[in-house]
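Chain by chain, the residues run as shown.
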Amino acid sequence: MNNLGTNLQEQIHKLTDELNRTSKLAKIFEDFIDSSYDPIFITDKNGYGFKMNKAYTRVTGATKEQLMGKHMNDLKEQGIISDSISMHVLEKKERLTMVQKVNGKELLVTGNPIFDENGEILYVVTNLRDISTLNQLKIELKQTKALADQYLQELEFYHKKDHIISHDGIVANSDKMLKVIDLVQKIALVLSTVLLLGESGVGKELIANLIQKLSSRANQPFIKVNCAAIPKDLLESELFGYEKGAFTGADSKGRAGLFEQADKGTIFLDEIGEMPLHLQVKLLRVIQELEVRRIGGGQSKKIDIRIISATNKDLESMVVRGEFRQDLYYRLNVVPIKIPSLRERKEDIPVLAFYFLKKLNQKYNLNKQLSDAAITQMKTYSWPGNIREMQNLIERLVVTVESEMLDSHHFSFNHQYLSQSLTTEKTLKEVVQDLERTMIMEAMVQYRSTRKAAKSLGISQSTLVKKMQRLGFQQTDYVLHQ
Ligand SMILES: Nc1ncnc2c1ncn2[C@@H]1O[C@H](COP(=O)(O)OP(=O)(O)OP(=O)(O)O)[C@@H](O)[C@H]1O
């Protein structure tokens, strides 16, 4: 009996030791999985939550109470987990990896099966990696890269722009305009007679200025004459001058004409197509003989002038129709320079738009910006008034749009007049005239000044006046519309 008692006591002792060792091991095991920085989750062979570490709660927010002893399929049904890697591992009996969400948090999970000696799964141990931070980093990296690309683009843009802007306020990016500037640089010095051709607002006057600035006559007089703006009956005396007593109302001392004033320098005859035929003969003589005779004067005076002329008219057709002298045309057309319309060089649209925006921001002390979509929208438009129209539109938007960003919807070019006219059976000429009439009327009602109206329409004042005469405008037309 005593022996039996001693044996039992020894057995109990052994068992207690064993139990102590096991619980120590369990504690070590728990400490061990808790020390892992990455979350660990263990399910038993039936798919019930068995163990999880502190990192699991830290990363997912899910607690032991929520998960331990719970079946994975139930947790999935409750939406706590999006899927269960443990269930897939139990089914496939192999290590698997997938992306799974716990409490909405995206995790990269790897489930490892633990087998017994018979090859049956005892547990599935799952390691989890928080990839939301990784994803966030990926997004940030993408954003940084996009920003870097944008800066690079802007840098290239400004690099190019700086190079181009150095041509005295002439901004260009297109090959077509760069070729024009190239040609201008070549001919500026040789003092050849230049004829600038191109639609209204393309920059003919700007190019004329550049030719003058680059020439050896940069410091000599530069006389600009807008042949369309000076009333026809005054043009002759303005150009050629007059002697005292030449006509009633004339200055008693007589006056030098613009040709004489341009002596040793350059004269810019803008809108040369508007020069009346009888003055064309006199102009031809000035160019051929290089001398002028004032009205009422007997003697001619030698002059040394360079002539730059410009027109938006088709002079060749005018010659054919007998509206422009052929000999004068040849004399003026020594070096023709055609300045392309803005729609023929859409690459210039962004550089010009940013250039005008910058200038206007400085002028009005603002910080307006242009969206990419706005630039794209501008590229789709045909710009009949060319650069002048664009400049005016941007100015109008800079001062009227409240938001900092000028966006595509601000550039919704209005074709309503056109669509109205097109619904009726009219000829192209009539449609164009309707459109011109409507737009001019609106501008005149709004501004009541041809200068301001022309500016808003993107045409020169003289073009507007001519159009109004042609369309038979009366002052009462737009005054009555007030
Ligand atoms: N390349 C350019 N860069 C910057 N500004 C430009 C450029 N081209 C034209 N402009 C601007 O556009 C406006 C119209 O240009 P400009 O008066 O030279 O045109 P134009 O062809 O002479 O017009 P018009 O035939 O109607 O007299 C001006 O304000 C000018 O400064």
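A quick note: this is a predicted structure, and the numbers were derived from the prediction, not measured.

### What about the overall build of the protein chain?
Secondary structure assignment for the protein chain yields 21 helices and 16 strands. Expressed as a percentage of its 482 residues, the buried residues of the protein chain come to 40%. Entry remark: accessible area of the protein chain is about 28,000 Å², with carbon and sulfur atoms responsible for 52%.

### Quick notes on the side chain of Glu-436
Inspection of the secondary structure puts Glu-436 in helix H18 (residues 428-447). Looking at Glu-436, its side chain comes within polar contact range of the side chain of Arg-470, at 3.3 Å. In contact with Glu-436, not counting residues within four places along its chain, are Lys-467, Arg-470 and Leu-471.

### With respect to the pattern of salt bridges
Per the stated rule, a full pass over the model turns up 26 salt bridges. The network of salt bridges with shared partners includes Glu-271, Glu-274, Lys-313 and Lys-466.

### Examining the site of the ligand
Neighbouring the ligand are 19 residues; Val-171, Ser-200, Gly-201, Lys-204 and Gln-391 lie closest to it. A distance of 3.2 Å is found between an oxygen atom of the ligand and a backbone nitrogen or oxygen belonging to Val-202. Side-chain polar atom of Gln-391 to an oxygen atom of the ligand: 2.8 Å apart, as the coordinates give it. Contact with the protein chains hides 88% of the accessible area of the ligand, taken as 630 Å² for the molecule alone.

### Description of a nonpolar patch on the surface
A grouping of Phe-50, Ile-114, Leu-122 and Tyr-123 is seen on the molecular surface, where their side chains present a nonpolar patch of about 310 Å² in accessible area. Mapped onto the elements of the fold, Phe-50 is located in strand E2 (residues 49-52). A relative accessible area of 38% means that Phe-50 is categorised as partly exposed.

### Some points on the environment of Lys-346
Looking at where Lys-346 falls in the secondary structure, it is placed in the loop between strand E14 (335-338) and helix H14 (348-364). Residue Lys-346 is classed as partly exposed on the basis of its relative accessible area of 28%. Here the alpha-carbon distance between Lys-346 and Tyr-381, two residues 35 residues apart in the chain, equals 9.5 Å. Apart from residues lying up to four places away in sequence, Lys-346 is in contact with Lys-379, Thr-380 and Tyr-381. At 2.7 Å, the side chain of Lys-346 forms a polar contact with the backbone oxygen of Lys-379.

### Focus: the packing of H14 against helix H16 (residues 386-400)
Their axes nearest at 10 Å, the elements H14 and H16 cross at an angle of 45°. Classified by the angle their axes make, H14 and H16 are oblique. Note on packing geometry: the crossing formed by H14 with H16 is right-handed. Contacts from Ile-349, Leu-352, Ala-353, Phe-356, Leu-357, Leu-360, Lys-363 and Tyr-364 in H14 reach Ile-387, Met-390, Gln-391, Ile-394, Glu-395, Val-398 and Val-399 in H16.

### A closer look at the sheet that holds strand E7 (residues 222-226)
Strand order across the open sheet formed by five strands is E7-E10-E13-E6-E14, with parallel pairing between neighbours. Edge positions in the sheet fall to E7 and E14, since each of these pairs with one other strand and no more. Within the sheet, the average angular offset between the axes of one strand and its neighbour, ignoring direction, is 15°. Direction of pairing for strand E10 (residues 266-270) relative to strand E13 (residues 306-311): parallel, over a ladder of four bridges. Within the sheet, the bridge partner assigned to Ile-267 lies in E13 and is Ile-307. Along the sheet face, helix H7 (residues 175-190) touches strand E6 (194-197), E13 and E14 and points at about 155° away from the line of E14.

### Here's the deal with the confidence of the model for the protein chain
Mean pLDDT over the protein chain stands at 86; residues scoring 70 or higher make up 88%. Of all secondary-structure elements in the protein chain, the lowest mean pLDDT belongs to helix H17 (residues 416-423), at 45, while E6 reaches the highest, 97.

### Concerning the packing of aromatic side chains
In this structure the tally under the stated criterion is six aromatic pairs. Centre to centre, the rings of Phe-41 and Tyr-56 are 5.1 Å apart; their planes meet at 40°, and the pair counts as tilted. A residue pair is termed long-range when its members are at least 10 positions apart, and Phe-41 in strand E1 (residues 40-44) and Tyr-56 in helix H2 (residues 54-60) qualify at 15 residues. Grouping residues by exposure puts Phe-41 and Tyr-56 together as buried. Look at Tyr-355 and Phe-356: their rings are 5.5 Å apart centre to centre, the planes differ by 50°, and that puts the pair in the tilted class. The pair Tyr-355 / Phe-356 is uniform in exposure class, with both members buried. One cation-aromatic arrangement involves Arg-58 over Tyr-37; the distance from NZ or CZ to the ring centre is 4.2 Å. The positively charged end of Lys-282 is found above the aromatic ring belonging to Phe-240, 4.7 Å away from the centroid.

Reading the values: rules and limits
- Residues numbered from 1 in each chain as written.
- Predicted model: local features only at pLDDT ≥ 70, side-chain atom pairs only at ≥ 80, totals over all residues.
- Heavy atoms only, no water.
- Helix = DSSP H or I, 4+ residues; strand = E, 2+ residues; numbered from the N terminus.
- Buried < 20%, exposed > 50% of the residue type's maximum accessible area, 1.4 Å probe, protein only.
- Areas by Shrake-Rupley, 256 points an atom, 1.4 Å probe, with all protein chains shown as cover.
- Polar contact = N/O pair within 3.5 Å; in protein donor to acceptor, adjacent residues only side chain to side chain.
- Contact = heavy atoms within 4.5 Å.
- Salt bridge = Lys/Arg side-chain N within 4 Å of Asp/Glu carboxyl O.
- Near = heavy atom within 4 Å.
- Patch = residues over 30% accessible without salt bridge, like charges linked within 9 Å, V, L, I, M, F, W, Y side chains within 5 Å.
- Axes fitted to C-alpha atoms, helices over the stretch in contact; angles between N-to-C directions.
- Parallel < 35°, antiparallel > 145°, perpendicular 65-115°, else oblique.
- Left-handed = near helix turned anticlockwise from the far one by under 90°.
- Pairing = 2+ DSSP bridges.
- pLDDT = per-residue confidence, 0-100.
- Phe/Tyr/Trp six-rings, centres within 6.5 Å; stacked < 30°, edge-to-face > 60°.
- Lys NZ or Arg CZ within 6 Å of the ring centre and 35° of its normal.

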